Amino acid sequence: DTGVSQNPRHKITKRGQNVTFRCDPISEHNRLYWYRQTLGQGPEFLTYFQNEAQLEKSRLLSDRFSAERPKGSFSTLEIQRTEQGDSAMYLCASSSPGPGLARHEQYFGPGTRLTVT
Amino acid sequence: AQSVTQLDSQVPVFEEAPVELRCNYSSSVSVYLFWYVQYPNQGLQLLLKYLSGSTLVKGINGFEAEFNKSQTSFHLRKPSVHISDTAEYFCAVSGGLTGGGNKLTFGTGTQLKVEL
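Everything numeric here is computed off the predicted structure, so don't read it as measured data.

**Observations concerning the nonpolar core**
Within the largest apolar cluster, 27 residues are counted, with the highest numbers of intra-cluster contacts made by Leu33(B), Trp35(B), Leu47(B), Leu48(B), Phe74(B), Leu76(B) and Tyr89(B). Within the residue set of this core, elements represented by two or more residues are strand 2 (10-14), strand 3 (19-21), strand 5 (32-38), strand 6 (44-50), strand 8 (64-68), strand 9 (73-78), strand 10 (87-94) and strand 12 (110-115) of chain B. In terms of nonpolar packing, the next biggest core, distinct from the first, is built from 19 residues, Val19(A), Leu61(A), Cys92(A) and Leu114(A) among them.

Shown next, in the form of structure tokens:
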């Protein structure tokens, strides 16, 4: 069990550019979550997948954001036409299918810190 | 919608002293409760969780928390802190009506600063 990994760890981009982040969950975890954390705040839910299906998106996820999990394993989060307000830490988490209540436990990756200049 | 309130944004404490970090949540249905710790420029590490059963739960690094349904609280405690406990602590809730496949709703965090 190597834990949740995220790449890159840091990304600096200019306003208007597109960026893509990758998340590799713990193997055999069927649920994958994306959160965004701004400075001094707790993480906020963006979206989640069960296997390859994206089942819910937050209102925080504007049309410029898109997430995929094409084979039910790793996931990508793309931000198009970045804005300075997109600067944040983007966190990925995964959870197992069970047994029982274990599916409620989410394990987080180290995050990708995005800075938009 | 559910919400989590962490009343203290910062808690300074001397090393080897006890500490309590407060967390209250709002929900009218059953919930699952978590405490996470975040060190600078890192992701979140699960400290402990309440899913069911005993209301007193023990976690890693000597931390424990007590679920109090009547007061809708889940305060985190440690009897003797160490300098290495300096970090940001987040309380989170899932379940009930949150939807989103058990998505977590977080508080704003409490910065624990342990001083010598």
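**Focus on the interface of chain B and chain A**
Counting residues at the interface gives 23 residues for chain B, matched by 24 residues for chain A. Of the roughly 1900 Å² buried where chain B meets chain A, counting both sides, 55% is carbon and sulfur surface. Close ionic contact of Glu56(A) with Lys103(B) constitutes a salt bridge, the shortest N to O distance being 3.2 Å. Taken together, chain B and chain A are joined by 9 residue pairs in polar contact (both at pLDDT 80 or more). Elements that contribute at least two residues to the side of chain B that touches chain A include exactly strand 5, strand 6 and strand 10 of chain B. Broken down by element, the side of chain B that touches chain A gets its largest block of residues, 4 residues, from strand 5 of chain B. Of the residues belonging to the side of chain B that touches chain A, the class tally is 9 nonpolar, 12 polar and 2 charged.

Calculation rules
Residue positions are counted from 1 within each chain, in the order its sequence is given. By the order in which they are written, chains take letters starting at A while ligands take numbers starting at 1. It should be noted that, the model being predicted, local features are given only for residues of pLDDT at least 70 and side-chain atom pairs only at 80 or more, the latter also being counted only at that level, while totals for whole chains, interfaces and linings use all residues. Calculated side-chain values reflect all of the structure's heavy atoms, with hydrogen atoms and water omitted. We call a set of buried Ala, Val, Leu, Ile, Met, Phe, Trp, Tyr and Cys residues a nonpolar core when their side-chain atoms join them within 4.5 Å. Each residue gets one of three labels from its accessible area relative to the maximum for its type: buried under 20%, exposed over 50%, partly exposed in between, using a 1.4 Å probe on protein chains only. Runs of E in the DSSP output that reach at least two residues are strands. Runs of H or I that reach at least four are helices, and both are numbered from the N terminus. Whether two residues are in contact is decided by their heavy atoms: any pair within 4.5 Å suffices. Once two parts are joined, some of their accessible surface, as seen by a 1.4 Å probe, is lost; buried area is that loss totalled over both. Salt-bridge detection follows one rule: a side-chain nitrogen of Lys or Arg within 4 Å of a carboxyl oxygen of Asp or Glu. Think of a polar contact as two N or O atoms within 3.5 Å of one another; within protein, one of them needs to be a possible hydrogen donor and the other a possible acceptor, and neighboring residues in sequence only count if both atoms come from side chains. Residues are sorted three ways: Asp, Glu, Lys and Arg are charged, Ala, Val, Leu, Ile, Met, Phe, Trp, Tyr, Cys and Pro are nonpolar, and all the rest, Gly among them, are polar.

Bear in mind that shape data such as this cannot, by itself, settle questions of function.
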